[in-house]
Amino acid sequence: MSRIALITGASRGLGAVLAGFLAGQRYDLVLTARTPGPLEAVASRLDKAGGRVAALAGDVADPGHRRRLVEMAASLGGLDLLVNNASTLGPTPMPPLSELSHVALEDIFGVNVAAPLGLVQLALPLLETRGGLVVNISSDAAVGGYPGWGGYGASKAALDLVSHTLANELGERGVSVVAVDPGDMRTEMHQAAYPGEDITDRPLPEATLPFFAWLLGQETSRISGRRYTAQGETWELAA
């Protein structure tokens, strides 16, 4: 039976790298991102790896789009892995939290918190059937209190709590949930946070792959509820 993964924010950066890694592990994939062209390019490239690849451009903050993604996973046979990777920084350059508008904050929380939770809620029957794993992509901004990162960091802190709570609630149903801080990476999103600065000293997203290879090799019930740092030197199982 083929393993099936749904990845949001899959057209570039970490999402595209994870999609390539999972294709190499013979996962069938459902991919989404907001921009059709780059998403289609990733899907076309990965389709040649031999597994099934379904791609649908859209906004994860749209409930209708989330439903269509889950329907696509169901049409492939179910869902073993949900990677909630899509995020928004909010307005850039990133303003101080004291100047961040409520409209912008609501948008940040809509994409970074409500959308991942909404996908879990819709996908839960599929995940429960297969004993699936949810990976919510967090950030060190969730704990850093960095100037200018307040809206984004607050949303990721909320996502961390959502992840921990879901892990506690869904364990008896066979569904596991982890939060993963991938660390600083050389991506378009990171560049947008530092306009005009040279970020070539940051590692590429591929630096996280040893962690994800380790994570997906674990018994999911033993890792559920944990928050991991992908570029850390070691990763621990639950006690």
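As a reminder, the structure under discussion sits directly above these lines.
Sequence order as written defines the numbering, with residues in each chain counted from 1. Where local features are concerned, this predicted model is filtered to residues with pLDDT of at least 70; where side-chain atom pairs are given and counted, the filter is 80 or more; whole-chain, interface and lining totals use all residues. Heavy atoms from the whole structure form the basis of all side-chain values; hydrogens and water molecules are not counted.

### Observations regarding the nonpolar core
Proteins that are soluble and globular tend to have nonpolar side chains buried together. Note the cut-off: Among buried residues, the Ala, Val, Leu, Ile, Met, Phe, Trp, Tyr and Cys ones that are joined through side-chain atoms within 4.5 Å form a nonpolar core. When a residue's accessible area, from a 1.4 Å probe over protein chains only, is under 20% of the maximum for its type it is buried; when over 50% it is exposed; and in between it is partly exposed. Strands are runs of DSSP state E lasting at least two residues, helices are runs of H or I lasting at least four, and both sets are numbered from the N terminus onward. Only heavy atoms enter the contact rule, under which two residues are in contact if any of them lie within 4.5 Å.
With 34 residues, the main nonpolar core has Ile 7, Leu 29, Leu 31, Val 135, Phe 212 and Leu 215 as its most contacted residues. Counting residues per element, the ones that place at least two in this core are β1 (3-8), α1 (13-24), β2 (27-32), α2 (36-47), β4 (81-84), β5 (133-137), β6 (176-181) and α8 (209-215). In contact with Leu 215, not counting residues within four places along its chain, are Leu 133, Val 135, Val 178, Ile 223 and Tyr 228. Residues Leu 6, Leu 82, Leu 124 and Leu 170 belong to the second largest nonpolar core, which totals 25 residues.

### A look at the pattern of salt bridges
Our working definition: Put simply, a salt bridge is a Lys or Arg side-chain nitrogen that is within 4 Å of an Asp or Glu carboxyl oxygen.
Scanning all chains against the criterion turns up six salt bridges. Two residues, Asp 28 and Arg 52, come together in a salt bridge whose shortest N-O distance is 2.7 Å. Of this pair, Asp 28 sits in strand β2 while Arg 52 sits in the loop between α2 and β3 (53-55), and the two are 24 residues apart along the sequence. Where Arg 227 meets Asp 160, a salt bridge forms, and the shortest distance between an N and an O atom there is 2.7 Å. Of this pair, Arg 227 sits in strand β7 (residues 227-229) while Asp 160 is found in helix α6 (residues 150-170), placing the two residues 67 residues apart along the sequence. In this structure Arg 227 comes out as partly exposed when scored by relative accessible area, which is 32%. Looking at Asp 160, the relative accessible area reads 14%, which means it is buried.

### Considerations on helix α3 (residues 63-76)
Note the cut-off: In this scheme, a helix's expected span is set at 1.5 Å multiplied by one less than its residue total. Pairs of N or O atoms are called polar contacts if they sit within 3.5 Å, as long as, within protein, a hydrogen donor faces a hydrogen acceptor (for residues adjacent in sequence, only side-chain-to-side-chain pairs).
With 14 residues, α3 should cover 20 Å at 1.5 Å per step; its first-to-last C-alpha distance of 20 Å lies within 8% of that length. Every buried residue of α3 is listed here: Gly 64, His 65, Arg 66, Leu 69, Val 70, Met 72, Ala 73 and Leu 76. Among the structural elements, β1, β2, β3 and α4 (102-130) are those in contact with the buried residues of α3. The opening residue of α3 is Asp 62, an N-cap whose side-chain oxygen sits 3.0 Å from the backbone nitrogen of Gly 64. Phi turns positive one or two residues past the end of α3, at Gly 77, with a value near 130°.

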